[in-house]
Amino acid sequence: MPDDDPRRRVPRTDVLLADPRLVEAVRRLGPGPVKEAVTAAQQRARAGALPPEDVADAAFAALPTRPASMRPVLNATGVVLHTNLGRAPLSPAAVEAVTAAAGYVDVEYDVATGRRARRGRGALAALRAAVPAAGDVLVVNNGAAALVLATTALAAGREVVVSRGEMVEIGDGFRLPDLIASTGARLREVGTTNRTSLADYAAALGPDTGCVLKVHPSNFRVEGFTSAVGVRELSMLGVPVVVDVGSGLLHPEPLLPDEPDATTALTDGASVVTGSGDKLLGGPQAGLLLGTAEVVERLRRHPLARALRVDKLTLAAMEATLRGPATPAHLALHADGGTLRRRTESLARRLAPAHPEVEVVPCAGAVGGGGAPGLVLPGWAVALPEELAPALRTGDPVVVARVERGRTLLDLRCVPDADDERLVAAVVAALARTGAEG
Ligand SMILES: *Cc1c(COP(=O)(O)O)cnc(C)c1O
């Protein structure tokens, strides 16, 4: 290499890492990502693609903006609990609680005595207070874990009696029969896909029965000639009844008359109810177990409970969700049609200079997360060209829209109104990038 070759002037790594901006970046992001950015910039300079004096600036510009790679998304799909987008967004109160719990905390420690205390007692007390019909409660990793714990503790090596109409696949290959089989319990199927009677259950009971399981087939509906047995009748059979309500609704929700809730199931005689924390409860991923004091004590003492326990961040978020203000999921579910329409029209007006063909159209939102499959949440959307959707997904912030009948639809139901400005900016930028500007 000749002495005057600019490649000789590419700054050394230690010199670059002394740049105050990169020192600060190492403090915030760790040395790995910063060194990667530095090495990449040096290589570009050596290849002649970057002037040597710009290497520090280029490394700084290429740094990741966040310490973890998951990107916040503006959910413009109108689907409230979008499993691929992390289901329920936490409330500001829950976010604050998670941040406060991130360091050392008294999660399992009594500050008055200096001794060990019951883990997560605040969250458990909040859940008990929210559902007085439960004798006791427990929180585990997710809804599937709650179901595994309940069936293992009540029926390992014995039979779980379940209707053929409730042998469901919940999503992503998660099949109830496989889950139950993995616990060492045997499934005893009764009835048919569309009809199961109390006599079907009664005929299957015997000395080997561990429990009866009733599962809410959340993500589909059987219509026509159907019948199923309610919890009240099942609880007369004299064996423990486990009810998987799925969504984690604690009380009846008038907007969702077909969604079962924990309070009703317990009042009807369920021994234990399981559900998810990050569906309609609007909290963190968690499995809720609510039941009689005796059954919950059995679950708590089972060795598997330790393997399924939740961390302090989940406990903090759960307590804040239960005690705190209405969750974002609740607000999205109950969004007022008139307000949605005004916000959507305002969005369309602001996009019109960039794309005059923009339209406001009716749009059907949904609960999602495998809940309330038949239910339409009437709303509104801004309609734009289909080609815009990939540009919106790859912009910053990431915007996930709905693509329907050749159009990109932006439904504001699940976009907090504080984010309307960011959405406008993201769409204008995406229109510019796709050349779809009018
Ligand atoms: C969602 C769901 C589950 C699984 O809950 P996760 O929290 O996703 O593990 C189990 N049963 C029913 C009926 C569900 O709807």
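Given the structure is predicted, the values throughout are model-derived calculations rather than measurements.

(A) Structural detail: the pairing of strand β13 (residues 287–291). Among the five residues of β13, five are classified as buried, and the element is accordingly described as predominantly covered. Where burial is concerned, the two faces of β13 agree: the one with Gly287, Leu289 and Gly291 and the one with Leu288 and Leu290 are both buried. Relative to β13, strand β5 (residues 136–140) runs antiparallel, the two sharing five bridges. When the sheet's bridge partners are listed, Val139 is paired in β13 with Leu288. Sheet topology places strand β12 (residues 272–276) next to β13; five bridges connect them, and they run antiparallel. Within β13, the position partnered with Gly275 by the bridge is Leu288.

(B) Layout of the domain arrangement of the protein. According to the domain assignment, the protein consists of domain 1 (6–59), domain 2 (73–82 + 331–434) and domain 3 (91–325). Each of domain 1 and domain 2 has a C-alpha centre, and these two points are 40 Å apart.

(C) Representation of the sheet that holds strand β15 (residues 377–385) within the structure. The strand order across the open sheet formed by five strands is β2-β14-β15-β18-β17, and the pairing between neighbours is mixed. Each edge of the open sheet is held by one strand with a lone partner, namely β2 (79–81) and β17 (402–404). Between one strand axis and the next, the sheet turns by 40 degrees as a mean value, whatever way the strands run. Strands β14 (359–368), β15 and β18 (407–411) of the sheet are contacted by helix α16 (residues 337–351), whose axis makes an angle of about 5 degrees with β15.

(D) View of the pairing of β14. Pairing of β2 with β14 involves two bridges; the strand directions are parallel. Counterpart to Val79 in the pairing with β14 is Ala366.

(E) Summary view of the UniProt feature "domain: L-seryl-tRNA selenium transferase N-terminal" (unreviewed entry) in the protein. With numbering aligned to this structure, UniProt lists the feature "domain: L-seryl-tRNA selenium transferase N-terminal" (unreviewed entry) at residues 7–46. In residues 7–46, the share of helix is 78% and the share of strand is 0%. The end C-alpha atoms are 5 Å apart.

(F) Here's a closer look at the packing of aromatic side chains. With the rule as written, the count across this model stands at zero aromatic pairs. The ring of Phe60 has Arg21 lying over it, and the distance from NZ or CZ to the ring centre is 4.9 Å. Above the face of the Trp380 ring, Arg341 is positioned so that its terminal group lies 4.1 Å from the ring centre.

(G) Highlighting the site of the ligand. Taken together, Arg87, Asn142, Gly143, Ala144, Ile170, Phe174, His216, Ser218, Asp244, Gly246, Ser276 and Lys279 are the residues near the ligand. Contacts to the ligand include Asp244, whose side-chain N or O atom sits 2.5 Å from a nitrogen atom. Between the ligand and Lys279 there is a distance of 2.7 Å, counted from an oxygen atom to a side-chain nitrogen or oxygen. Contact with the protein chains removes 93% of the 380 Å² of surface that the ligand exposes when unbound. Taken together, the elements giving at least two residues each to the shell around the ligand come down to α7 (143–155) and β11 (241–246).

(H) Looking closely at helix α2 (residues 20–29). Listed as buried for α2 are Leu22, Ala25 and Leu29. Looking straight down α2, one finds its buried side chains confined to an arc of 50 degrees; they lie on one side. The exposed residues of α2 that point more than 90 degrees off its buried face are Pro20 and Arg27. Check the buried side of α2 and you find it contacts α1 (13–17), α3 (31–46) and α4 (55–61). The N-terminus of α2 is capped by Asp19, whose side-chain oxygen sits 2.8 Å from the backbone nitrogen of Arg21. Gly30 sits one or two positions beyond α2 and adopts a positive phi of about 90 degrees.

(I) Broad picture of the packing of helix α6 (residues 121–130) against helix α14 (residues 312–323). Two numbers describe how α6 lies on α14: the axes approach to 8 Å, and their chain directions differ by 30 degrees. When the axes of α6 and α14 are compared, the pair comes out roughly parallel. In terms of crossing hand, the pair formed by α6 and α14 is left-handed. Taking contact as the criterion, the partners of Gly122, Ala123, Ala125, Ala126, Leu127 and Ala130 in α6 are, on α14, Leu315, Met318, Glu319, Leu322 and Arg323. When the residues that make up the contact of α6 with α14 are grouped by side-chain class, the tally is eight nonpolar, one polar and two charged.

(J) Layout of the environment of Arg7. Looking at where Arg7 falls in the secondary structure, it is placed in the segment before α1. Looking at Arg7, the relative accessible area reads 39%, which means it is partly exposed. Distance in space between the C-alpha atoms of Arg7 and Thr394 is 34 Å, their sequence separation being 387 residues.

(K) Examining the pattern of salt bridges more closely. Enumeration over the complete set of coordinates arrives at 26 salt bridges. Of the charged contacts in the structure, one is a salt bridge between Glu319 and Arg323, with a shortest N-O distance of 3.2 Å. Highlighted residues: Glu319 and Arg323, both in helix α14, separated by four residues, approximately one helical turn. Ionic pairing is found between Asp420 and Arg343, a salt bridge with its closest N-O pair at 2.8 Å. Separated by 77 residues along the polypeptide, Asp420 in helix α18 (residues 420–434) and Arg343 in helix α16 bring together distant segments of the chain.

(L) Summary view of the sheet that holds strand β10 (residues 209–215). One open sheet accounts for seven strands, arranged β5-β13-β12-β11-β10-β6-β9; its pairing is mixed. Edge positions in the sheet fall to β5 and β9 (186–190), since each of these pairs with one other strand and no more. Averaged over all pairs of adjacent strands, the angle between their axes in this sheet comes to 25 degrees, without regard to strand direction. Packing against the sheet, helix α12 (residues 293–301) makes contact with β5, β12 and β13, and its axis sits at approximately 30 degrees to β5.

Quick notes on the rules
Once a new chain begins, its residue numbering starts again from 1 and follows that chain's sequence as written. Since the coordinates come from a predicted model, pLDDT governs what is reported: local features require at least 70, and pairs of side-chain atoms require 80 or more to be given and counted, while whole-chain, interface and lining totals use all residues. Heavy atoms from the whole structure form the basis of all side-chain values; hydrogens and water molecules are not counted. Classification of residues uses two cut-offs on accessible area relative to the type maximum, computed with a 1.4 Å probe and protein chains only: under 20% is buried, over 50% is exposed, and between them is partly exposed. Numbering goes from the N terminus for both helices and strands, where a helix is a DSSP run of H or I of at least four residues and a strand is a run of E of at least two. DSSP bridges decide pairing: two strands pair if at least two such bridges lie between them. Boundaries between domains were set according to an automatic or database domain assignment. An axis is simply a line fitted to the C-alpha atoms; with a helix, the fit covers only the stretch in contact. Between two such axes, the angle follows the N-to-C directions and lies from 0 to 180 degrees. Residue contacts are defined here by distance: any two heavy atoms, one from each residue, within 4.5 Å place the two residues in contact. UniProt positions are given in the numbering used here, feature names are shortened, and annotations may be inferred rather than shown by experiment. Geometry of aromatic contacts follows a simple scheme: Phe, Tyr and Trp rings, the Trp one being its six-membered ring, pair when their centres are within 6.5 Å, and the pair is stacked under 30 degrees between planes, edge-to-face over 60, tilted otherwise. Charge-over-ring contacts are defined here by two conditions on Lys NZ or Arg CZ: a distance within 6 Å of the ring centre and an angle within 35 degrees of the ring normal. We define proximity as follows: a residue is near a molecule or strand when any one of its heavy atoms falls within 4 Å of that partner. Residues adjacent in sequence count toward polar contacts only when both atoms are side-chain atoms; beyond that, a polar contact is any pair of N or O atoms within 3.5 Å, and within protein one must be able to donate a hydrogen and the other to accept it. We get accessible surface area from the Shrake-Rupley algorithm with a probe of 1.4 Å; when it comes to residues, only the shown protein chains can shield them. Picture the helix axis, draw a direction to every C-beta atom, and the arc is the one those directions span. With respect to orientation, any angle under 35 degrees is reported as roughly parallel, any angle over 145 as roughly antiparallel, any angle of 65 to 115 as roughly perpendicular, and every other angle as oblique. When the near helix sits turned anticlockwise from the far one by under a right angle, the crossing is termed left-handed; a clockwise turn instead gives a right-handed crossing. Residue polarity follows a fixed list, in which Ala, Val, Leu, Ile, Met, Phe, Trp, Tyr, Cys and Pro are nonpolar, Asp, Glu, Lys and Arg are charged, and the others, Gly among them, are polar. Any Lys or Arg side-chain nitrogen found within 4 Å of a carboxyl oxygen on Asp or Glu counts as a salt bridge.

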